[in-house]
Amino acid sequence: GDSVTQMEGPVTLSEEAFLTINCTYTATGYPSLFWYVQYPGEGLQLLLKATKADDKGSNKGFEATYRKETTSFHLEKGSVQVSDSAVYFCALSQYGSGNTGKLIFGQGTTLQVKP
Amino acid sequence: DAGITQSPRHKVTETGTPVTLRCHQTENHRYMYWYRQDPGHGLRLIHYSYGVKDTDKGEVSDGYSVSRSKTEDFLLTLESATSSQTSVYFCAISESGGLNMNTEAFFGQGTRLTVV
């Protein structure tokens, strides 16, 4: 079945450092790919998404490109802030007739940014 | 913010007791989902609903049942709670589920359940 694998955390960075969180997936067809963020004590929020190969999702300085040839959707940010400290989830979903919109998540990566 | 309310937010219960978690939405979205979040596993789908009285199982449905008698409410029941069901439970809603790739899923704030 479909699956998502993320790099193990936690990731600890200093403020203004460059961030990469790796995500690879296994899926049939052409799923949509997502990054969700979970701040402490809160639910998940959609950070960005991409719905087809070579699409780049971006939001709040974060970017991720849908790479079908490497089945990857790595999250990047050029300069992290303390406020970016959170858990980040990579996820996929299949669309089309017969699909339910359920999300398949990676295990999550905790990011801690120190001042 | 999407109108999703989960209740209770925290609960401690004893092994063997029944527990019901409630998800209430004010968005009139058709699809509703229950996920559980566990360290090392991310979120995994328990059950989902695609309309009133229409529900189906997810990947970790054993020990759980659901009901949806109204569009706005989706209940998750643990018939006889076990320690392995200690987790954080999230409800999510989606307007068109898997029919529209541009649809976004919105999540509630979660319920932390501890079974002792």
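Scope of this entry: the structure provided in the associated data block. Counting restarts for each chain, with residues numbered from 1 along the sequence as it is written. Chains and ligands are labelled by the order in which they are written, letters from A for the one and numbers from 1 for the other. The predicted nature of this model means local features are confined to residues of pLDDT at least 70 and side-chain atom pairs, given and counted, to a pLDDT of 80 or more, with totals for whole chains, interfaces and linings taken over all residues. Hydrogens are left out, water is left out, and the side-chain values use all remaining heavy atoms of the structure.

1. Details of the environment of Glu8(A)
Residues and elements named next belong to chain A.
Right, on to step 1. Comment: elements are numbered from the N terminus, with helices defined as DSSP H or I runs of at least four residues and strands as E runs of at least two. Assignment of secondary structure puts Glu8 in the loop between strand 1 (3-6) and strand 2 (11-14).
Right, on to step 2. Relative accessibility under 20% of the residue-type maximum defines a buried residue, over 50% an exposed one, and the middle range a partly exposed one, all with a 1.4 Å probe and only protein chains included. Relative accessible area serves as the criterion here: at 62%, Glu8 is assigned to the exposed category.
Right, on to step 3. As a C-alpha pair, Glu8 and Thr109 span 101 residues in sequence and 6.2 Å in three-dimensional space.

2. Focus on the interface of chain B and chain A
Right, on to step 1. A contact between two residues is defined here by any heavy atoms of the two lying within 4.5 Å. Taken together, the contact pairs 24 residues of chain B with 22 residues of chain A.
Right, on to step 2. Summing the contributions of chain B and of chain A, the shared interface buries around 1,800 Å²; its carbon and sulfur component is 57%.
Right, on to step 3. Salt bridges are counted wherever a side-chain nitrogen of Lys or Arg sits within 4 Å of a carboxyl oxygen of Asp or Glu. Taken together, the links from chain B to chain A amount to zero salt bridges.
Right, on to step 4. For this analysis, a polar contact is any N or O atom pair within 3.5 Å, provided that within protein one partner can donate a hydrogen and the other can accept it, and provided that sequence-adjacent residues contribute only side-chain to side-chain pairs. Applying the counting rule to chain B against chain A returns three residue pairs in polar contact (both at pLDDT 80 or more).
Right, on to step 5. Within the residue set of the side of chain B that touches chain A, elements represented by two or more residues are strand 4 (31-38), strand 5 (42-51) and strand 10 (105-107) of chain B.
Right, on to step 6. Note on residue categories: nonpolar means Ala, Val, Leu, Ile, Met, Phe, Trp, Tyr, Cys or Pro, charged means Asp, Glu, Lys or Arg, and polar means any other residue, Gly included. Residues of the side of chain B that touches chain A, tallied by class, amount to 11 nonpolar, 11 polar and two charged. As used here, buried area is the combined drop in accessible area, with a 1.4 Å probe, of two parts when they are placed together.

3. Considering the pattern of salt bridges
Residue and element names in this part refer to chain B.
Right, on to step 1. A complete count under the given rule lists seven salt bridges over all chains for this structure.
Right, on to step 2. In this structure, the salt-bridge partner of Lys70 is Asp73, at a minimum N-O distance of 3.3 Å.
Right, on to step 3. It is possible to trace a salt-bridge network through shared partners that takes in Arg22, Lys70 and Asp73.

4. A few points about the side chain of Lys77(A)
Residue and element names in this part refer to chain A.
Right, on to step 1. Take Lys77: it is sitting in strand 9 (residues 75-77).
Right, on to step 2. Looking at Lys77, the relative accessible area reads 10%, which means it is buried.
Right, on to step 3. In this structure the side chain of Lys77 is engaged in a polar contact, spanning 2.8 Å, whose partner is the side chain of Asp84.
Right, on to step 4. Excluding residues that lie within four positions of it along the chain, Lys77 makes contacts with Ala17, Phe18, Leu19, Lys60, Gly61, Phe62 and Asp84.

5. Looking at the environment of Ile4(B)
Residue and element names in this part refer to chain B.
Right, on to step 1. Residue placement: Ile4 occurs in strand 1 (residues 4-7).
Right, on to step 2. Ile4 sits in the buried class, given a relative accessible area of 13%.
Right, on to step 3. Sequence separation between Ile4 and Asp73 is 69 residues; the distance between their C-alpha atoms is 9.8 Å.
Right, on to step 4. Setting aside chain neighbours within four positions, we find Ile4 in contact with Cys23, His24, Gln25, Cys91, Ile93, Phe106, Phe107 and Gly108.

6. Considering the sheet that holds strand 8 (residues 73-78) of chain B
Residue and element names in this part refer to chain B.
Right, on to step 1. Strand pairing is assigned whenever DSSP identifies at least 2 bridges connecting the two strands. In spatial order, the strands read 1-3-8-7; together these four strands make up an open sheet with antiparallel pairing. The strands lining the two open edges of the sheet, one partner per strand, are strand 1 and strand 7 (64-70). Across the sheet, the axes of successive neighbouring strands diverge by a mean angle of 15 degrees, strand direction being ignored.
Right, on to step 2. Across four bridges, strand 1 lies against strand 3 (residues 19-25) in antiparallel orientation. From the neighbouring strand, Gln6 faces strand 3, where its bridge partner is Cys23. With axes taken as lines fitted to C-alpha atoms, and helix axes fitted only over the stretch in contact, angles between N-to-C directions fall between 0 and 180 degrees.

7. Structural notes on the state of the cysteines
Right, on to step 1. Cysteine sulfurs are considered disulfide-paired once they come within 2.5 Å of each other. The final tally for this structure, using the stated rule, is two disulfides over all chains.
Right, on to step 2. Each sulfur of the disulfide joining Cys23(A) and Cys90(A) lies 1.9 Å from the other. When the S-S torsion is -70 degrees, as for the bridge of Cys23(A) with Cys90(A), the disulfide is left-handed. A residue pair is termed long-range when its members are at least 10 positions apart, and Cys23(A) in strand 4 (residues 23-26) and Cys90(A) in strand 10 (residues 86-93) qualify at 67 residues. Just as Cys23(A) is buried, Cys90(A) falls in that class too.
Right, on to step 3. With its sulfur 1.9 Å from that of its partner, Cys23(B) forms a disulfide with Cys91(B). Handedness of the Cys23(B)-Cys91(B) disulfide follows from its S-S torsion of about -70 degrees: it is left-handed. Of the two residues, Cys23(B) is situated in strand 3 and Cys91(B) in strand 9 (residues 87-94); the sequence distance between them amounts to 68 residues.

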